[in-house]
Amino acid sequence: MRSPNKNPVPVRHTLLHRTPGLLIALAAGFMAAAWHPLSSAATPEQEYQQALRTARAGEHAQALETLGALVQRYPDNRRYLYDYIAVLGWAERDRDALDRAANLDLKDTPSYVLEALGRSARNEREYPLAIRIYRTAVDREPGDSAARIGLALSLADNGDSEQARQTLDQIDASHSRDLEVLGALAYVQQNQGLPFQSLRTYDRILELDPANREARRGRILTTYRIGAPHLAASLADETPGLLSPGERDAIERDIQAYTIRWSRLPATSETTPRRESFKAILDLRRELEFLEAGGQGETPHARQVRYDLLVSLHERNRNLEAIDLYETHIADDQDIPTYVLTTAGDTYLALRQPEQARDLFLRVLEDEPNDFSTRLSLFYAYVESEDFEHALPLIDKITADEPIWLGAPPDRRPNSAKLRADITAAYARAFVDDLPEAERRLAPLVEQAPFNAELQTAQATIHRWRGWPRRALGEYEIALNGRPANTPDARAGRGHALLELGDYPAAEAALQDLRATAPDSGATASLAHEWELHKLRELRLEASRSKSSGTQEGSDDLGFDGWLYSAPLKYHYRPFLHHHFEQAEFPEGDAAYRRIGAGIEYRAREIMATAELDRNAGDSVNTGLAVTGRWRPTDTWSFTAGADTWSDEIPLRARLNEDIDGWSIDLGADWRAHERRSAHAGLQRIDFSDDNLRTAANARLAQRLMTRPHYHMDGLLGVYASRNTREDAPYFNPASDLSADFTLNNEWLLYRRYEYSFRHRLALSAGNYHQEDFGSDTVWAAQYEQRWNPLDRFELAYGLIRARRVYDGTPEHQNTFYLNLDWRF
């Protein structure tokens, strides 16, 4: 038989299996032989029957010799010629079979001979002839599923996959579980450029016949061709002997290549075992020292040893040593091989020197402009340089240049580089904050291959970035069902999702597993970094200073809140200290309020709660209690509640004039569709000690309006209403009021270098405020803010606000400077 690699659907079968007509003919022959005993001199009919028995026993040469002689002696006996042609096909002498049939009238040729000739024509790659032969058989017997399968396969071989699929669809539904039909369908799907559908068809065959070797082989090769060599190797290990040595070697070479070249994409492989790689580096260093000691340090062989050492050092993430070797001994060489320049570029990229990496990749592409891996590395160099003006067109060009298929039928195979390019192009949109576009690009790929680990990992990561950790967690676990030991990115992503959900013990266990099995993976380093940030202490400060043209809220006021959290204890607990202070000037005097408290925060999966005991600095007797809670049952919904026996919401003027205090209760619900759309609704009740009861409600809707690289604009619509029961209070206390405003929030990323970033923001608000008995008036605000992140554990934001507010019908203008700090240490 011919190599199944060239033809995934076997075109040769025993004649008795595929040709019912021949089976009937042979049976008739055997019956005739039984009724006509052999004479001492065999008759032609007896010779004929003996030849068929010989052919059936596998002795093709002897059978063909007898049948050939009969054909020569009795040229008008078509039965001898037909079976001679059939056995020629059985013996894989396809060319001879076709030559013998050259003068036959296909319309008069028996169906079993037509099927044999169709197979021979396919084997000889004479696809138009095979189509004509099989079409004749189908026209004669439309219900002949074997002939229709042969026609479909021939059409697919000839490049007409759509017509091939239609031909299979015309087979009677009773054959829908026929293994031959399903095998042909998988082959046609591959030719249609639908490898993932083909995989599902192979799975269907294996459900019906778990031992089907052709289906197992087809599934392995298709898995390999879509860019999952590790999974292909795992499947091949389950059934040894299905692949040729050349096919297995190709898979192993791809596994090694992906380990080196695709470490920055969702990975499917572990790093080289430490012991082997250390030994390789040690051997290369010793050889180089020997050559240099013998005065051969500048020979071609010594240069090759340095090149190999550079590659080995980079593979082991010993990048500082690798760059030192490159800059000291390699950079000035003439005619440096392109793979060495690419390795040096990858090493610069690992050391966060993307500009140097970019220059080396561009240098390589001058000689090899279509090298896929170098073009992809150049894309990452642009991304890490924040040069999206070049990065996005480049990845789109790479995607457009990569064909879905490689080779020509019947050797055509899926192009795994195309899948990797498509995934990277989706990530590219996420890098510029266009997460909906990233999701849109991945969705059809995942739909075609719902169990592809690389695609599931990419989709889960995008969903996690969109704020859906539960959904992402399920998708990471689907990815891990493939081959968990070879998916560090999926396992790390699962750890990130668990961390975001508050399942800290499980997140730490995921990290420990990664450190044990993939210690050198970038995914492991990323999760380890996030875990270390989580374990740090935290200091949060909020301070503001305002001056107002009026006096209702104070003409000059100062506000401060500070929280100091310990490192987490027993995963879930963080003790903290809290200091609250506010001060303002009023016509009747200055007022100040200070509150000092200590509490504990509890965080676990889906919930967060705090409890704080505090005391007013001016009250040495009474102790207050503040509690808060948040429950997030889904990725989109969260609910909050809080109560405070010494509410900070009591206006300072109330404290000044009548020493008023009070307690408050807050309820809230938040809906967050994704990072671009959210809504909030809240209720508040404040019970003042002067018997005033304030009830307030607020709602807010936020919607992303524009996204560009380094810029986005959001629109926010807010509504607030309140009602108070006390009249003539010595503080601003409207009987009822209602306000509505709309805000345009513009944010620009001015500079980013890995964790370091600098942003600024401009928010413009306008609305209307209505107060009972005082009518309505316009309110507005303009805010400018700068936000500085020198590290991912330190953020400093400061800004100015100019606002117009209305109190009892009188407008006031207020200028505020504020500063916020969040520092983990």
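Just so we're clear, the structure is a prediction, and the values are computed from it rather than from any experiment. (Residues numbered from 1 in each chain as written. Predicted model: local features only at pLDDT ≥ 70, side-chain atom pairs only at ≥ 80, totals over all residues. Heavy atoms only, no water.)

K.L.:
How would you summarise the environment of Leu-341 if you had to cite specific residues and measurements?
P.N.:
Relative to the assigned elements, Leu-341 resides in helix α19 (residues 338-350). Relative accessible area serves as the criterion here: at 4%, Leu-341 is assigned to the buried category. Separated by 20 residues in sequence, Leu-341 and Phe-361 place their C-alpha atoms 7.3 Å apart. Each residue touching Leu-341, except ones within four places of it in the same chain, is listed here: Tyr-326, Ile-336, Leu-360, Arg-363 and Val-364. (Helix = DSSP H or I, 4+ residues; strand = E, 2+ residues; numbered from the N terminus. Buried < 20%, exposed > 50% of the residue type's maximum accessible area, 1.4 Å probe, protein only. Contact = heavy atoms within 4.5 Å.)

K.L.:
Outline the side chain of Asp-422, listing residues and values.
P.N.:
Positionally, Asp-422 belongs in helix α23 (residues 416-431). For Asp-422, a relative accessible area of 17% gives the class buried. Once residues lying within four places of it in the same chain are set aside, the contact partners of Asp-422 are Thr-399 and Leu-445.

K.L.:
Describe in detail the packing of α23 against helix α25 (residues 453-465), supporting the description with residues and values.
P.N.:
The contact between α23 and α25 brings their axes to 11 Å, and the two run at 5 degrees. By the angle between their directions, the pair α23 and α25 is classed as roughly parallel. On the side of α23, the interface is formed by Leu-419, Arg-420, Ile-423, Tyr-427, Ala-430 and Phe-431, while α25 contributes Glu-454, Leu-455, Thr-457, Ala-458, Thr-461, Ile-462 and Trp-465. Among the residues making up the contact of α23 with α25, the classes are represented as 9 nonpolar, 2 polar and 2 charged. (Axes fitted to C-alpha atoms, helices over the stretch in contact; angles between N-to-C directions. Parallel < 35°, antiparallel > 145°, perpendicular 65-115°, else oblique. Nonpolar A, V, L, I, M, F, W, Y, C, P; charged D, E, K, R; others polar.)

K.L.:
Before we move on, could you go through the nonpolar core and cite the residues and values that matter?
P.N.:
Counting 49 residues, the largest nonpolar core has Leu-67, Ile-85, Leu-117, Ile-149 and Leu-168 as its most contacted members. With 9 residues, helix α5 (residues 78-90) is the single largest residue contributor to this core. Leave out the neighbours within four places in its chain, and Leu-117 touches Ile-85, Ala-97, Leu-98, Ala-101 and Ile-133. Within the second largest apolar cluster, 45 residues are counted, among which are Val-305, Leu-313, Val-340 and Leu-394. (Core = buried A, V, L, I, M, F, W, Y, C linked by side-chain atoms within 4.5 Å.)

K.L.:
Got a sec to walk through helix α8 (residues 127-140)? Specific residues and values, please.
P.N.:
Helix length check: α8 (14 residues) gives 20 Å between terminal C-alpha atoms against 20 Å at 1.5 Å per residue, within 8%. Buried residues of α8: Tyr-127, Ala-130, Ile-131, Ile-133, Tyr-134, Thr-136, Ala-137 and Val-138, and no others. On the buried face of α8, the contacting elements are α7 (111-123) and α9 (145-157). (Expected span 1.5 Å × (residues − 1).)

K.L.:
With reference to specific residues and values, describe the environment of Ala-152.
P.N.:
Secondary-structure assignment places Ala-152 in helix α9. On the basis of relative accessible area, Ala-152 is assigned to the buried category, the value being 0%. Residues Ala-152 and Ile-131 lie 21 residues apart in sequence; the distance between their C-alpha atoms is 8.4 Å. In this structure, Ala-152 is in contact with Ala-164, Thr-167, Leu-168 and Val-188, ignoring residues within four places of it in sequence.

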